[in-house]
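Here's the letter readout for the chains.
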Amino acid sequence: KAEDHFAKMHFFTIERDEEMDEQFRLLDEATLYTRDMTLSFFRVEQHSKRFLTEIKEDNTDSLSYILTDMQKDIRVSKQELAEYEEFEGNNSLIKYLNWYLDEMTIEAEGNLRPLAEQLKNDYLDDKDYKKAQKELEKFIARHNDNLEEFFAIKNDLILDYLPED
């Protein structure tokens, strides 16, 4: 093994703990399982963050392109999702990711695209501007909730798989 060679070259001994090695092996299995779903989640989520960043920087001309890219990546992630299997009888992360992708499909067309058009309009009257800002605040809250929920489900899946001490 590489670590044995390293230890030999640097004149020290590695003491092995089989129980700890097994815990790391289990953690590695769970982490590898969740890695692909995390990539699928963040492939879409990155566009939400970029959408919000562009609004904050008042670069509203690029919002429709961001949403188009988001919709493409939602389709890619949905295709990947079809290939995922449950992990040791737990399908909570798959179910959440499926829900999230469906929600983001609706969000992109139903909420964000009209919002982008409103925010791009320099001649929006005060009432419509306030309405757009309120919609933006709601989206930010949903965005933050989605992030928290994803990580909570992912952490629960990993912790449920690891043995309790």
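Procedures and definitions
Residues numbered from 1 in each chain as written. Predicted model: local features only at pLDDT ≥ 70, side-chain atom pairs only at ≥ 80, totals over all residues. Heavy atoms only, no water. Helix = DSSP H or I, 4+ residues; strand = E, 2+ residues; numbered from the N terminus. Rg over C-alpha atoms; globule rule 2.2 N^0.38 Å. Buried < 20%, exposed > 50% of the residue type's maximum accessible area, 1.4 Å probe, protein only. Core = buried A, V, L, I, M, F, W, Y, C linked by side-chain atoms within 4.5 Å. Contact = heavy atoms within 4.5 Å. Axes fitted to C-alpha atoms, helices over the stretch in contact; angles between N-to-C directions. Parallel < 35°, antiparallel > 145°, perpendicular 65-115°, else oblique. Left-handed = near helix turned anticlockwise from the far one by under 90°. Nonpolar A, V, L, I, M, F, W, Y, C, P; charged D, E, K, R; others polar. pLDDT = per-residue confidence, 0-100. Phe/Tyr/Trp six-rings, centres within 6.5 Å; stacked < 30°, edge-to-face > 60°. Salt bridge = Lys/Arg side-chain N within 4 Å of Asp/Glu carboxyl O.

### Observations concerning the overall build of the protein
Part 1 of the reasoning: The helix and strand tally for the protein stands at five helices and zero strands.
Part 2 of the reasoning: N-terminal to C-terminal, the α/β element order of the protein is α-α-α-α-α.
Part 3 of the reasoning: Relative to its length of 165 residues, the protein is extended, with a C-alpha radius of gyration of 22 Å against a globular reference of 15 Å.
Part 4 of the reasoning: With respect to the three principal axes, the spread of C-alpha positions in the protein is 70 × 40 × 30 Å.
Part 5 of the reasoning: Evaluated residue by residue, the protein yields a buried proportion of 35% over its 165 residues.

### Remarks on the nonpolar core
Part 1 of the reasoning: In this structure, F51, M70, L97 and Y100 are the most contacted members of the largest nonpolar core, which totals 38 residues.
Part 2 of the reasoning: Those elements giving two or more residues to this core turn out to be α2 (18-56), α3 (63-81), α4 (92-120) and α5 (126-161).
Part 3 of the reasoning: With twelve residues, the top contributor of residues to this core is α4.
Part 4 of the reasoning: Contact partners of M70, with chain neighbours within four places excluded, come to V44, H47, S48, M104, A108 and L112.

### Side note on the packing of α2 against α4
Two quantities define a packed helix pair, namely the angle between the helix axes and the distance between the axes.
Part 1 of the reasoning: For the pair α2 and α4, interaxial distance at closest approach is 12 Å and the crossing angle is 15°. In this view, α2 runs roughly parallel relative to α4, as classed from their interaxial angle. Note on packing geometry: the crossing formed by α2 with α4 is left-handed. Every residue of α4 that contacts α2 at Y33, T34, M37, S40, F41, V44, E45, S48, F51 and I55 is listed here: L93, I94, Y96, L97, Y100, L101, M104, L112, L115, A116 and L119.
Part 2 of the reasoning: A class-by-class count of the residues in the contact of α2 with α4 yields 17 nonpolar, three polar and one charged.

### A closer look at the confidence of the model for the protein
Part 1 of the reasoning: This prediction gives the protein a mean pLDDT of 92; 99% of its residues lie at or above 70.
Part 2 of the reasoning: Taking the mean pLDDT of every element in the protein, the minimum, 85, falls on helix α1 (residues 2-9) and the maximum, 96, on α3.

### Brief notes about the packing of aromatic side chains
Part 1 of the reasoning: Following the criterion strictly, the structure yields 13 aromatic pairs and no others.
Part 2 of the reasoning: Between Y33 and F87 the ring centres are 4.6 Å apart and the planes differ by 25°, which places this aromatic pair in the stacked class. Highlighted residues: Y33 in helix α2 and F87 in the loop between α3 and α4, separated in sequence by 54 residues.
Part 3 of the reasoning: Here Y33 falls in the buried class, since its relative accessible area comes to 16%.
Part 4 of the reasoning: Three or more aromatic residues joined by ring pairs make a cluster, and in this case those are F41, F42, Y96, W99, Y100, F150 and F151.

### Concerning the pattern of salt bridges
Part 1 of the reasoning: Enumeration according to the criterion identifies ten salt bridges in this entry.
Part 2 of the reasoning: For R25, the salt bridge identified is with E22, shortest N-O distance 2.5 Å. Separated by three residues within a single helix, R25 and E22 lie in helix α2, roughly one turn from each other.
Part 3 of the reasoning: Exposure remark for R25: the relative accessible area of 39% places this residue in the partly exposed category.
Part 4 of the reasoning: K138 is the partner of E135 in a salt bridge, and the nearest nitrogen-oxygen pair spans 3.6 Å. One end of the pair, E135, and the other, K138, are both in helix α5, three residues apart, so they sit about a helical turn from each other.
Part 5 of the reasoning: With relative accessibility at 28%, the residue E135 sits in the partly exposed group.
Part 6 of the reasoning: Look at K138 and you get partly exposed, because its relative accessible area is 41%.

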